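# Coordinates in review
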Amino acid sequence: MSNEKVKLQQSELSAWWEKARIKVDHMIEAGWTEAPHVSAAGKYDQIKVDQWISGFWPGMLWILYDMTGETRYREAAEPWDERMEQCYLRDNHFHHDVGFQFLPTSVIRYKLTGDPDARRRGLFAANYLAGRYNPAGQFIRAWPRNQTGWSIIDSMMNLPLLFWASEESGDPRFKHIAIAHADMVLRTFIRDDSSVHHIVIFDPETGEVERYDGGQGFAPQSSWSRGQAWALYGMSCAYRYTGEVRYLNAAKRVAHYFISALAEDDVPHWDFRAATDLTDEPRDTSAASCAASGLIDIASQVTPEEAALYQRAATRILRSLSNNYSTLDQPEYEGILLGATGHKPVNSNINVSLIYGDYYYIEALAKGKGWSRHIF
């Protein structure tokens, strides 16, 4: 790749970054006290801070604080994990996704500021997550409903909370659980063709696999694109924390599948197997932004010769998102990426902005600009 092309990419990244930062500044002015989730018409809704998405908005703020040093981002981010912690004292909706909630808030806050309360909140969340581990099936249980044998691919993105807790506390128990769960994902979630299941259902007593469920994908044997993104990024994280090459190999396999299945404009449909002809199927820009950040993560951990493939793919995705699916030129529009799909099987949140899609877009741009601190 020529030096001229590299400079062009950096100028593009800088332009996208500055426009995204301006949009975040406008969203700060909304003064949210509950968690933004979905923007269907330029205004984010708000849901309770015990919901799984509550860490992504403050996570964006912490990245901007780390990148700019501007205290207004820190001040806007600080109340969120304090609010979330209070939910432990009453009935709540916490489950396997406490990593999504406390990694972009308490853990990054502690890393950036040394706040001892943030450290305490992060370790408390890790203890909670470890308590969901089923030793018979070697899986972390998913939701808090009566699905005691259910595990989902999203859980790979929560394992960094356990790896961090093990390093921070000196207690290997957290790491052992994370490794056991990641190895279970290798055995039961990732198929021979490198596509992944969304949900695997175990007998919680014996640990045997009972069946598979399509979840937010089209069908049990389909290929939900955001699930693919969770898998490639999550396996890359597992390799970064452990150095175990089986996780890197899995991340690369799933990444190759994801890249090969992308639409012509480098943004995936919501499920790669939703139909023989995907033309009329919705896209999912949240899957694209998560995958782009994960691809950059993979590229940082392989040889330069290998890295180029993943970096090029991430660049193509980010360019398409920025030029074809973003509201970067609409600074007052709450939401950065359009065209996200939340839960197509129940026709929920189709062609909207989703806060986690926006978060991973910001994270990927920051990485492209040289940000090397890891939240996940």
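A few points on the structure. Since we're looking at a predicted model, the values are computed, not measured.

What follows deals with the overall build of the chain. Of the regular secondary structure elements, the chain holds 13 helices and nine strands. What you see for the chain is a C-alpha radius of gyration of 19 Å, in line with the 21 Å of a compact globule of 376 residues. For the chain, buried positions account for 60% of its 376 residues. The long-range share in the chain, meaning contacts at least 24 apart out of those at least 6 apart in sequence, stands at 67%. Working note: accessible area of the chain is about 14500 Å², and carbon and sulfur atoms make up 47% of it.

Here the focus is the pattern of salt bridges. Oppositely charged side chains are able to pair whenever their charged atoms sit close together. The full count for this structure, using the stated rule, is 28 salt bridges. The shortest N-O distance in the salt bridge between Asp 213 and Arg 211 comes to 3.7 Å. The class of Asp 213 is partly exposed, set by a relative accessible area of 22%. Looking at Arg 211, the relative accessible area reads 42%, which means it is partly exposed. One salt bridge in this structure joins Arg 316 and Asp 266, with 3.5 Å as the shortest N-O distance. Placement of the pair is Arg 316 in helix α12 (residues 304–324) and Asp 266 in the loop between α10 (245–261) and α11 (285–299), with a sequence separation of 50 residues. In this structure Arg 316 comes out as partly exposed when scored by relative accessible area, which is 34%. Among the ionic contacts, a cluster of salt bridges with common partners joins Asp 81, Glu 82, Glu 85, Arg 109, Asp 115, Asp 117, Arg 120 and Arg 121.

It is worth spelling out the packing of helix α9 (residues 225–242) against helix α13 (residues 355–368) at this point. In contact at an axis separation of 14 Å, α9 and α13 are set at 40° when each is read in the N-to-C sense. Between α9 and α13, the angle falls in the class oblique. The two elements α9 and α13 meet at a crossing, and its hand is left-handed. Mapping the contact onto sequence places Arg 226, Trp 230 and Tyr 233 in α9 and Tyr 356, Tyr 360, Glu 363 and Lys 367 in α13. Residue composition of the contact of α9 with α13, by class: four nonpolar, no polar and three charged.

Moving on: the nonpolar core. One finds Phe 56, Leu 162, Tyr 360, Tyr 361 and Phe 376 to be the most contacted residues of the largest nonpolar core, which totals 125 residues. Sorting elements by how many residues they give to this core places α9 first, with ten residues. Ignoring anything within four residues of it in the chain, the contact list for Phe 56 reads Phe 100, Ile 355, Tyr 356, Tyr 359, Tyr 360 and Phe 376. Residues Trp 143, Ile 152, Ile 199 and Ile 201 belong to the second largest nonpolar core, which totals six residues.

The sheet built from three strands is open, its strands ordered β5-β6-β7 with antiparallel pairing. In this open sheet, the two strands that pair with only one neighbour each are β5 (150–152) and β7 (209–213). Pairs of neighbouring strands in the sheet enclose a mean axial angle of 25°, with direction left out of account. Inspection of the sheet shows strand β6 (residues 199–202) paired to β7 by four bridges, in the antiparallel sense. Along β7, the bridge assignment pairs Ile 201 with Arg 211.

Note on helix geometry: an α-helix contains 3.6 residues per turn, so any two residues three or four positions apart are oriented the same way. The end-to-end C-alpha separation of α12 is 29 Å, in line with the 30 Å expected for 21 residues at 1.5 Å each. Of the positions making up α12, those classed as buried are Ala 307, Tyr 310, Ala 313, Ala 314, Thr 315, Ile 317, Leu 318, Ser 320, Leu 321 and Ser 322.

A few words on the pairing of β6. Covered by surrounding structure in β6 are Ile 199 and Ile 201 together with Val 200 and Phe 202, the residues of both alternating faces. Where β5 meets β6, three bridges bridge the pair, whose relative direction is antiparallel. When the sheet's bridge partners are listed, Trp 150 is paired in β6 with Ile 201. From the end of β6 to the start of β7, which pair antiparallel, there are six residues, and Gly 207 there has a positive phi angle of about 85°.

Here we have four strands laid out as an open sheet, ordered β2-β1-β9-β8, and antiparallel in their pairing. With one partner strand each, in any of the chains shown, β2 (44–47) and β8 (340–343) form the two edges of the open sheet. Pairwise comparison of adjacent strand axes, ignoring direction, gives a mean angle of 50° for this sheet. Each of β1 (35–39), β2, β8 and β9 (348–354) touches α13; the most contacted strand, β9, lies at about 35° to it.

Turning our eyes to something else, we now look at the state of the cysteines. A complete count under the given rule lists zero disulfides for this structure. Cys 290 carries a free sulfur, and the closest cysteine sulfur to it, the one in Cys 237, is 9.0 Å from it.

Cut-offs used in this document
Residues numbered from 1 in each chain as written. Predicted model: local features only at pLDDT ≥ 70, side-chain atom pairs only at ≥ 80, totals over all residues. Heavy atoms only, no water. Helix = DSSP H or I, 4+ residues; strand = E, 2+ residues; numbered from the N terminus. Rg over C-alpha atoms; globule rule 2.2 N^0.38 Å. Buried < 20%, exposed > 50% of the residue type's maximum accessible area, 1.4 Å probe, protein only. Contact = heavy atoms within 4.5 Å. Areas by Shrake-Rupley, 256 points an atom, 1.4 Å probe, with all protein chains shown as cover. Salt bridge = Lys/Arg side-chain N within 4 Å of Asp/Glu carboxyl O. Axes fitted to C-alpha atoms, helices over the stretch in contact; angles between N-to-C directions. Parallel < 35°, antiparallel > 145°, perpendicular 65-115°, else oblique. Left-handed = near helix turned anticlockwise from the far one by under 90°. Nonpolar A, V, L, I, M, F, W, Y, C, P; charged D, E, K, R; others polar. Core = buried A, V, L, I, M, F, W, Y, C linked by side-chain atoms within 4.5 Å. Pairing = 2+ DSSP bridges. Expected span 1.5 Å × (residues − 1). Disulfide = S-S within 2.5 Å.

Purely geometric stuff here, so don't read any function into it on its own.
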